[in-house]
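Structural features, examined
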Amino acid sequence: MAEVMGHPDVLPQLLQLPYPSAEVWAARLAEMLAPGRNDLLLMAELQDAGGHWSVVGNAGLHPCGPPVRRRHAMSLGIAVLPRAQGQGVGRALMQALCDFADDWAQVLRIELGVYADNARAIALYQRFGFEVEGRQRGYALRGGEYVDTLMMARLHPNPPRIGGWVASPTGSPPDA
Ligand SMILES: CC(C)(COP(=O)(O)OP(=O)(O)OC[C@H]1O[C@@H](n2cnc3c(N)ncnc32)[C@H](O)[C@@H]1OP(=O)(O)O)[C@@H](O)C(=O)NCCC(=O)NCCS
């Protein structure tokens, strides 16, 4: 995590600070895994020519906060090392996150912020059904300059319903 999130070509696209340490990330990861937390963090690994696997990216879904009325929403973050970009890693991570949100986690709304000039990430998000909902001007300091971000969100394309059968006392469908 420290290597990916702290890479000089990745970090400016995030809200992270320079010089992250492995210890800080270990503590953050432990926090995300604490009982009662519902974060999902996925790692992407690639195998090199020598057969060695290494982590090249990550993507996460995180609760938007404690309010009960926001339980249907989660925020998304994603990062891939430059040497692994453009090979479908981002797409694979996004697919896995969206499937998890749609089919398992009761998430109706995924939201995120992206710097307005991050064309690559914006294109990836749009491919997965995210739409721009607004622009936050001068949102964050990035390399000595205040820059705008776009707020984007994706609503569940086909929100789940209770199935066509009503549970019997045995738990079996009526005509099973
Ligand atoms: C954004 C990011 C996660 C994409 O990951 P990736 O592994 O390179 O993505 P993929 O290889 O799966 O490509 C995703 C899509 O972007 C497209 N793409 C590639 N380069 C592009 C560019 N310069 N501009 C626009 N789209 C581009 C690809 O064609 C692909 O589209 P397709 O699925 O229709 O073929 C990665 O570039 C990254 O980590 N960037 C730095 C951190 C960052 O910006 N994180 C997002 C913060 S909001």
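We now turn to the structure provided with this report.

Scoring rules and cut-offs
- Residues numbered from 1 in each chain as written.
- Predicted model: local features only at pLDDT ≥ 70, side-chain atom pairs only at ≥ 80, totals over all residues.
- Helix = DSSP H or I, 4+ residues; strand = E, 2+ residues; numbered from the N terminus.
- Buried ≥ 20, exposed ≤ 12 C-beta atoms within 10 Å, placed from the backbone.
- Contact = placed C-beta atoms within 7 Å.
- Pairing = 2+ DSSP bridges.
- Axes fitted to C-alpha atoms, helices over the stretch in contact; angles between N-to-C directions.
- Near = placed C-beta within 6 Å.
- Nonpolar A, V, L, I, M, F, W, Y, C, P; charged D, E, K, R; others polar.
- Right-handed = clockwise from strand over helix to strand, strands pointing away.

1. A look at the overall build of the protein
When helices and strands are counted, the protein shows four helices and six strands. Counting from the amino terminus, the protein carries its helices and strands in the arrangement α-α-β-β-β-α-β-α-β-β. A principal-axis box enclosing the C-alpha atoms of the protein has dimensions of 65 × 45 × 30 Å. Split into buried and exposed, the 176 residues of the protein put 16% on the buried side. Restricting the contact set of the protein to residue pairs at least 6 apart, pairs at least 24 apart contribute 51%.

2. Points about the sheet that holds strand 5 (residues 131-142)
Spatial ordering of the open sheet is given by 1-2-3-4-6-5, a layout of six strands whose pairing is mixed. Looking at the sheet topology across the chains shown, the edges are occupied by strand 1 (40-47) and strand 5. Across the sheet, the axes of successive neighbouring strands diverge by a mean angle of 25°, strand direction being ignored. Where strand 1 meets strand 2 (residues 53-63), eight bridges bridge the pair, whose relative direction is antiparallel. The residue of strand 2 that forms the bridge with Ala-44 is Gly-57. Across the sheet, helix 3 (residues 89-103) touches strand 1, strand 2, strand 3 (73-80) and strand 4 (109-115), and the angle it forms with strand 2 is around 35°. Sheet contacts for helix 4 (residues 119-127): strand 4 and strand 6 (145-155); angle to strand 4, the most-contacted strand, approximately 165°.

3. Let's talk about the site of the ligand
Neighbouring the ligand are 21 residues, the closest being Gln-13, Gln-85, Val-89, Gly-90 and Arg-91. Elements with a minimum of two residues in the shell around the ligand: strand 3, helix 3 and helix 4. By residue number, the principal contributor to the shell around the ligand is helix 4, which donates six residues. Residues that form the shell around the ligand fall into these classes: eleven nonpolar, seven polar and three charged.

4. A word on the pairing of strand 4
Both strand 3 and strand 4 contribute to a ladder of three bridges, which runs parallel. Within strand 4, the position partnered with Ser-75 by the bridge is Glu-111. At this point the chain moves from strand 3, through helix 3, to the parallel strand 4, and the crossover so formed is right-handed. Direction of pairing for strand 4 relative to strand 6: antiparallel, over a ladder of seven bridges.

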